[in-house]
Amino acid sequence: MLKPYFCDQIILTELIPFMKIVENKVALVTGASRGIGRSIALRLAQEGADVAFTYLSSVEKGEALAKELEEYGVKAKGYRSDASNFQAADQLVTDVIADFGKLDVLINNAGITRDGLLMRMSEEQWDSVININLKSVFNLTKAATKSMMRARTGSIINITSVVGIRGNAGQSNYAASKAGIIGFTKSIALELGSRNIRSNAVAPGFIETEMTDAVDSKAVDEWKQSIPMKRGGQPEEVADACVFLASDLSRYITGQVIQVDGGMLT
Ligand code: NAP
C-alpha cells in the first residue's frame, strides 16, 4: 500500500497542471480600469476567481473589463466608486457581498501621483495623494474585514511601491502614502492574524503603465540601466505576485512586503 504522503504527492503532481489556484474565491480589486489593477483582475479571473472591481473616471474601460473577465467563465462586475471616500467604500463592500455572496480577497490597488518638489508642492497635491493612495486602503480594509472576521478567512493585498521603502525626490507625497501603506499592512497582519486574515503588500518597481508613461523618456532610460534586470516590469508580473498572495499557496505568509522590481532595491 502507498504511504499517505506518497499518495498526496501523486495527487498533487497530477492535479496541479489543471488546478486554478483561486477557484471559488471572490476578489475585489480597486482601480482596475487600467494598468496594474486591470492585469490583476484578468489574472484572478484566469485562475478561477469571481472578480468585483472598481473604476472612477474611466467608465467605458471599466464597463468593457467586466465582459472580458466573464470570458474566463467567472462572475464579474464593475462598480464606479471613489476609494478615497469612506462612505462609498463601505457601501461598495456591502454591494459586493450582496452581489457575490462573500468576499475572500481585497486588493487595494487604486493610486495616483501628483509629483513636485516640496518647495512647490501644494496642499491639494499632498491631500489628494494621501487620500486616494493611503486613506483608501484604510476605508476598504475596514469595510472588508467585518465579513472576513465572521468568515475567519481573508487575504488583503495592498499595492505599495519601492518609493515607499527608499523615498524619491519630487515624490514626497507619494512616498509618504506608500510608506504609510507598509506600516498599515504590517499592523493589520498583527491585529488579524489570529482570525486567519492575512495582510501583505506588493511593492512594484518601475512598471510600464499609463502612470509611468508620464515620466520623461531620458529619466526612464536611466532608471532602466540602474535595474539589475535592465528593463521595466510589466503589469502582469505584478499581477502574478498578487494571485499568489490571494491563493492558499501563500496561506502562512502575512505581514510581508514582496518587491516586484527586477532587483532595483537589492
Ligand atoms: P494607472 O495606470 O494610473 O491606473 C490607476 C488606476 O487607479 C485606474 O484604474 C484609476 O481608475 C484608479 N483610480 C485612481 N483614483 C481612484 C479613486 N479615487 N478611486 C478608485 N479608483 C481610482 O496606475 P498603475 O501604474 O496601474 O498603478 C496602480 C497601482 O500601482 C498604484 O497604487 C500605483 O501607485 C502602484 N504602483 C505603480 C507603479 C508603476 O510603475 N506603474 C510602481 C509602483 C507602484 P480611473 O481611471 O477609472 O479613474
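Draft legend 1. Here's a closer look at the overall build of the chain. The helix and strand tally for the chain stands at 10 helices and 7 strands. Here the chain has a C-alpha radius of gyration of 19 Å; the compact-globule value for 266 residues is 18 Å, and the two agree. Over its C-alpha atoms, taken along the principal directions, the chain stretches across nearly 70 × 45 × 35 Å. Counting every position in the chain, which comprises 266 residues, the buried fraction comes to 46%. As presented, the chain carries roughly 13,500 Å² of accessible surface, and 54% of it is formed by carbon and sulfur atoms. Positive and negative side-chain charges in the chain, numbering 29 and 31 respectively, have mean positions lying 5 Å apart.

Draft legend 2. Here's a closer look at the packing of aromatic side chains. A complete count under the given rule lists 3 aromatic pairs for this structure. With centroids separated by 5.9 Å and ring planes inclined at 20°, the aromatic side chains of Phe86 and Phe138 adopt a geometry described as stacked. Taken as a pair, Phe86 in helix H4 (residues 86-100) and Phe138 in helix H5 (residues 123-151) lie far apart in primary sequence, 52 residues in all. Between Phe206 and Trp223, the ring centres sit 5.3 Å apart and the planes meet at 65°, which makes this aromatic pair edge-to-face.

Draft legend 3. Expanded view of the pattern of salt bridges. For the coordinates displayed, the defined rule picks out 12 salt bridges. In this structure, Arg43 engages Glu47 in a salt bridge whose closest nitrogen and oxygen atoms are separated by 3.5 Å. Its relative accessible area of 18% is what places Arg43 among the buried residues.

Draft legend 4. Spatial organisation of the packing of H5 against helix H7 (residues 172-192). Contact geometry of H5 with H7 gives a least axis separation of 8 Å together with a crossing angle of 15°. Considered as vectors, H5 and H7 are oriented roughly parallel to each other. The crossing of H5 and H7 is right-handed. Of H7, the residues touching H5 (which contributes Gln125, Trp126, Val129, Ile130, Asn133, Leu134, Val137, Phe138, Thr141, Thr145 and Met149) are Ser172, Asn173, Tyr174, Ala176, Ser177, Lys178, Gly180, Ile181, Phe184, Ile188 and Leu192. Partitioned by chemical class, the residues of the contact of H5 with H7 number 13 nonpolar, 8 polar and 1 charged.

Draft legend 5. Expanded view of the layout of surface pockets. Of the voids in this model, the largest pocket is the one considered here, and its volume is about 1,100 Å³. For the largest pocket, the lining is made up of 46 residues, of which Gly111, Ile112, Thr113, Thr209 and Met211 are closest to its centre. Of all elements in the fold, only helix H2 (35-46), strand E2 (50-55), helix H6 (163-166), H7 and helix H8 (210-213) reach the threshold of two or more residues within the lining of the largest pocket.

Draft legend 6. Looking closely at the site of the ligand. Around the ligand lies a shell of 30 residues, among which Ser33, Ser58, Asn109, Tyr174 and Thr209 are the nearest. Backbone polar atom of Ile207 to an oxygen atom of the ligand: 2.8 Å apart, as the coordinates give it. The separation between an oxygen atom of the ligand and a polar side-chain atom of Thr209 is 2.5 Å. Computed on the free molecule, the ligand has an accessible area of 900 Å², of which 96% lies beneath the protein chains in the complex. Of all the cavities here, the one that holds the ligand is the largest pocket. Elements represented by at least two residues in the shell around the ligand include exactly H2, H7 and H8. Residue classes in the shell around the ligand are distributed as 14 nonpolar, 13 polar and 3 charged.

Draft legend 7. How the structure looks around the sheet that holds strand E3 (residues 76-80). On the basis of which strands lie adjacent, the open sheet formed by 7 strands has the order E3-E2-E1-E4-E5-E6-E7 and parallel pairing. Because the sheet does not close on itself, it has two edges, and the strands there are E3 and strand E7 (257-260). Neighbouring strand axes in the sheet, compared pairwise and without regard to direction, differ in orientation by 15° on average. Looking at chain direction, E2 and E3 are connected through 5 bridges and run parallel. By the bridge assignment for E3, Ala52 is matched with Lys77. In the packing of H5 onto the sheet, the strands contacted are strand E1 (26-29), strand E4 (105-108), strand E5 (154-159) and strand E6 (197-204), and the crossing angle to E4 comes to about 180°.

Basis of the calculations
Residues numbered from 1 in each chain as written. Predicted model: local features only at pLDDT ≥ 70, side-chain atom pairs only at ≥ 80, totals over all residues. Heavy atoms only, no water. Helix = DSSP H or I, 4+ residues; strand = E, 2+ residues; numbered from the N terminus. Rg over C-alpha atoms; globule rule 2.2 N^0.38 Å. Buried < 20%, exposed > 50% of the residue type's maximum accessible area, 1.4 Å probe, protein only. Areas by Shrake-Rupley, 256 points an atom, 1.4 Å probe, with all protein chains shown as cover. Lys, Arg positive; Asp, Glu negative; His and termini not counted. Charge placed at Lys NZ, Arg CZ, Asp CG, Glu CD. Phe/Tyr/Trp six-rings, centres within 6.5 Å; stacked < 30°, edge-to-face > 60°. Salt bridge = Lys/Arg side-chain N within 4 Å of Asp/Glu carboxyl O. Axes fitted to C-alpha atoms, helices over the stretch in contact; angles between N-to-C directions. Parallel < 35°, antiparallel > 145°, perpendicular 65-115°, else oblique. Left-handed = near helix turned anticlockwise from the far one by under 90°. Contact = heavy atoms within 4.5 Å. Nonpolar A, V, L, I, M, F, W, Y, C, P; charged D, E, K, R; others polar. 1 Å grid on protein atoms, 1.4 Å probe; cavity = no way out; pocket = protein on both sides within 12 Å on 5 of 7 lines; lining within 4 Å. Points joined across faces, edges and corners; volume = space filled by probe spheres on them. Near = heavy atom within 4 Å. Polar contact = N/O pair within 3.5 Å; in protein donor to acceptor, adjacent residues only side chain to side chain. Sits in = over half its atoms within 2 Å of the grid points. Pairing = 2+ DSSP bridges.

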